[in-house]
Amino acid sequence: MTRSERQGPYICGIDAAMDVVSGKWKGLILWELDEHGIRRFAELRRGLPGVSEKMLTQHLREMEQDGLVIRTVYAEVPPRVEYSLTDEGRALNAALAPLGQWGSTRIRRQQIQMVDHQDAAAMPRP
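Everything quoted here is computed from the prediction, not taken from an experiment.

A. Examining the overall build of the protein more closely. Scanning the protein from N- to C-terminus turns up 6 helices and 3 strands. In the protein, which comprises 126 residues, the proportion classed as buried is 29%. Contacts in the protein between residues at least 24 apart in sequence constitute 54% of all its contacts with a sequence separation of at least 6. As displayed, the protein has an accessible area near 8,700 Å², and 54% of this comes from carbon and sulfur atoms.

As structure tokens, then:
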């Protein structure tokens with residue numbers, strides 16, 4: 001596995017962690033894989049309304065380099081590729097859980113609208 005170019009120097013642990021999860025979609029990819037286990041590319045894309053194919057591919061590659069995601073390619077016709085979390089990816093997702101709880105509380109407190117996954121499938125893709 002190729003190691004990431006993200007190797008510091010960092011100011012603190014939060015700086016190092018945010019370097020790995022920076023980007024709009026990485027936290028949501030972690031959540032989707034944790035919630036559903038193994039996912040194919042198209043399943044991930046459907047579960048993340050609004051993400052472009054290019055951005056999802058880029059983030060998945062970075063997450064694989066960072067040791068968060070395993071990409072498994074099956075020698076089939078047509079080819080099948082599946083993504084899942086590594087132990088490090090699951091640990092990062094667990095570390096992000098309190099942040100998710102804080103966000104859920106904020107949504108309720110400020111009565112912010114959430115995306116309904118049923119409606120999200122119909123959202124236009126960039």
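From this point on, the discussion continues.
B. Quick peek at unusual backbone geometry. Cis peptide bonds are those with omega within 30 degrees of zero, and the linkage from V77 to P78 qualifies with -5 degrees. Residue placement: P78 occurs in the loop between strand 2 (69-74) and strand 3 (80-85).

C. How the structure looks around the packing of helix 2 (residues 26-36) against helix 5 (residues 87-110). For the pair helix 2 and helix 5, the least separation of the axes is 10 Å and the interaxial angle reads 110 degrees. Considering the angle they form, helix 2 stands roughly perpendicular to helix 5. Mapping the contact onto sequence places L30, W31 and D34 in helix 2 and G89, R90, L92, N93 and L96 in helix 5. Its residues assigned to classes, the contact of helix 2 with helix 5 shows 4 nonpolar, 2 polar and 2 charged.

D. Seen up close, the pattern of salt bridges. The final tally for this structure, using the stated rule, is 5 salt bridges. The closest approach of N and O atoms between E76 and R80, which form a salt bridge, is 2.9 Å. By relative accessible area, which is 37% here, E76 ends up partly exposed.

E. Structural detail: the sheet that holds strand 3. If you trace the 3 strands from one edge of the open sheet to the other, you get 1-3-2, paired in antiparallel fashion. With partners counted over all chains shown, the strands left at the sheet margins are strand 1 (39-40) and strand 2, one partner each. Summarising the sheet, strand 1 and strand 3 pair through 2 bridges and their orientation is antiparallel. What sits directly across from R39, in strand 3, is Y83. The strands that helix 2 touches are strand 1, strand 2 and strand 3; relative to strand 3, the one it contacts most, it runs at about 95 degrees.

Definitions and cut-offs
- Residues numbered from 1 in each chain as written.
- Predicted model: local features only at pLDDT ≥ 70, side-chain atom pairs only at ≥ 80, totals over all residues.
- Heavy atoms only, no water.
- Helix = DSSP H or I, 4+ residues; strand = E, 2+ residues; numbered from the N terminus.
- Buried < 20%, exposed > 50% of the residue type's maximum accessible area, 1.4 Å probe, protein only.
- Contact = heavy atoms within 4.5 Å.
- Areas by Shrake-Rupley, 256 points an atom, 1.4 Å probe, with all protein chains shown as cover.
- Axes fitted to C-alpha atoms, helices over the stretch in contact; angles between N-to-C directions.
- Parallel < 35°, antiparallel > 145°, perpendicular 65-115°, else oblique.
- Nonpolar A, V, L, I, M, F, W, Y, C, P; charged D, E, K, R; others polar.
- Salt bridge = Lys/Arg side-chain N within 4 Å of Asp/Glu carboxyl O.
- Pairing = 2+ DSSP bridges.

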